[in-house]
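What follows is the residue order along each chain.
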Amino acid sequence: MASLFLPKHSLPSLLSTQIPKTPSLHSLPLVSKSSHSQFYGLTFSSSPSLPLPSSSSSSSPKKASIFAKVSKGQVPPPFTLKDQDGKTVSLSKFKGKPVVVYFYPADETPGCTKQACAFRDSYEKFKKAGAEVVGISGDDPSSHKAFAKKYRLPFTLLSDDGNKVRKDWGVPADLFGTLPGRQTYVLDKKGVVQLIYNNQFQPEKHIDETLKLLQTL
Amino acid sequence: MSTSFPHHKYYSLRSPNNVGRRHHRRFPALVHCSATSTAKAKHKADQLVIVPRPLTPPPITKTPDRPSIKDPDLLSTWPHRAWVASGCTTVLISLLKCATGSAHSHIWLEPVLAGLIGYVLADLGSGVYHWGIDNYGDASTPVFGSQIEAFQGHHKWPWTITRRQFANNLHALARVVTFTVLPLDLVFNDPVVHGFVWVCSGCIMFSQQFHAWAHGTKSRLPPLVVALQDAGLLVSRSQHAAHHHAPYNNNYCIVSGVWNEFLDENKVFEALEMILFFQLGVRPRSWSEPNFGWIEEIETPSQTTVY
């Protein structure tokens, strides 16, 4: 059957979506080799330091750059956020064991639901690896509570009010800043980032990649 | 004036003479069969006893909007035929301008390529419009409300498009083509421009026919149509059938379907939906469980029998 399917190599795409430790500088990247996000077959990237609505921050450097603020090998900035039950949860609570911190766009959207359910379905494997799973989005605790209840999610969902932690960690936005990015961090027992995985439109891959890394920790 | 790609102008509650409603009162209410048997389990201390309950008679539901093959709203009228004639005329004028201009300029490759681009883009346009109408707005939306209602009717009773007479099916698109192509016919003489215009507008105007064929059965379709579907030049029955499954979020293109694989595999519409959600706060229909009004009703023999 005739179809219009462009081979992947003809589109600016990444083979790897792992973020290097020292990415190169670009100005106004539409496509970046050291990028962050993969829109399956296409790559669009925006730096958190570019003046885009979803990622603007007065404390960001003015120079255009695509540095993630948190890179592999670094200890990310601490946070204290409310979970789906309204209780405050700090990142320090998870020190001593590996933790998977995944930033997702919003509750009750197709990709985020697939991702949450995929984490749920593999939760035993994460427990076996001694890891905790924490999801973070800008939704409020009541939204998280309903989302967790509806899909029987066994892990913690945190409310990043104003997307502050997302900005602090440098989670890049997608599609020229129009979408909050989908990025997962794996922290080891010492709280050091060992993996950063970004993929907006293949959410289930976050589970595979993080489990793969956890086997080696 | 309705804009492009009315998918299925099904009769609505707003139809001026409500013929459909009168029509349904003349005939027995169609039975929506859902015979079920239920068992009541009585639990005793050590024993589970299942007591079968007799089958309850199937509920009779009156659905005034449910179509019948004798529904006058499926028939062509003279205004329908007039619009189809005018649409075809404007397309033919464009075709003739392309042909004569090409002969005069001794070119053929560029107009042919332009036509090919028109054919390909018509498919993309059909998909984008279809996606928008399927996911946003409702019957009260200005300009598009009747289209959205018609699309809902088509999702609920997809088979009726095969009962719709030719001009009835195409007239809304023909009207749009008339108003769009006529100015182009008057303003442009370039054969390359008209190569694009006549093919693109022709494909758009006839997309409802391609759509109807995509709902047909192989044994009832002309062999040429089946061959074109199998070759991927017209949207195939199987490809379009994939759209008619909840949550109705794929295979939106209905001219050739050539864009469907690319758009679906690259999650293009999902990306657009996410952008609209985060920028405008609107949720597409396909993100939620389809409500009763959109879920397909299975065609029963009583709906196909001529009284």
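Scoring rules and cut-offs
Residues numbered from 1 in each chain as written. Chains lettered and ligands numbered in written order. Predicted model: local features only at pLDDT ≥ 70, side-chain atom pairs only at ≥ 80, totals over all residues. Heavy atoms only, no water. Phe/Tyr/Trp six-rings, centres within 6.5 Å; stacked < 30°, edge-to-face > 60°. Helix = DSSP H or I, 4+ residues; strand = E, 2+ residues; numbered from the N terminus. Buried < 20%, exposed > 50% of the residue type's maximum accessible area, 1.4 Å probe, protein only. Lys NZ or Arg CZ within 6 Å of the ring centre and 35° of its normal. Disulfide = S-S within 2.5 Å.

Student: Go over the packing of aromatic side chains with me, naming the residues and quoting the values.
Tutor: Evaluation of the coordinates by the stated rule reveals 23 aromatic pairs over all chains. Ring centres of Trp169 of chain A and Tyr185 of chain A lie 4.9 Å apart, and the angle between their planes is 90°; this geometry places the pair in the edge-to-face category. Taken together, the residues Trp169 of chain A in helix 4 (residues 164-169) and Tyr185 of chain A in strand 6 (residues 183-187) connect sequence positions 16 residues apart. Judged by its relative accessible area of 0%, Trp169 of chain A is buried. When the centroid spacing of 6.4 Å and the interplanar angle of 70° are considered together, the rings of Tyr129 of chain B and Phe151 of chain B count as edge-to-face. Of this pair, Tyr129 of chain B sits in helix 3 (residues 109-135) while Phe151 of chain B sits in helix 4 (residues 145-156), placing them 22 residues apart in sequence. A residue is classified by how much of its surface remains accessible, and Phe151 of chain B, at 1% relative accessible area, is buried. Three or more aromatic residues joined by ring pairs make a cluster, and in this case those are Tyr102, Tyr104, Phe119, Tyr123, Phe126, Phe147, Tyr151 and Phe155 of chain A. The positively charged end of Arg81 of chain B is found above the aromatic ring belonging to Trp78 of chain B, 4.5 Å away from the centroid. In this structure, Arg175 of chain B packs its charged tip against the face of Trp83 of chain B, placed 5.8 Å from the ring centre.

Student: How would you summarise the state of the cysteines if you had to cite specific residues and measurements?
Tutor: Residue and element names in this part refer to chain B. Per the stated rule, a full pass over the model turns up zero disulfides over all chains. Residue Cys88 stays outside any disulfide, its sulfur separated by 13 Å from that of Cys203, the closest cysteine. Not part of a disulfide, Cys200 finds its nearest cysteine sulfur in Cys203, a span of 7.1 Å. Assessed through its relative accessible area of 11%, Cys200 is described here as buried.

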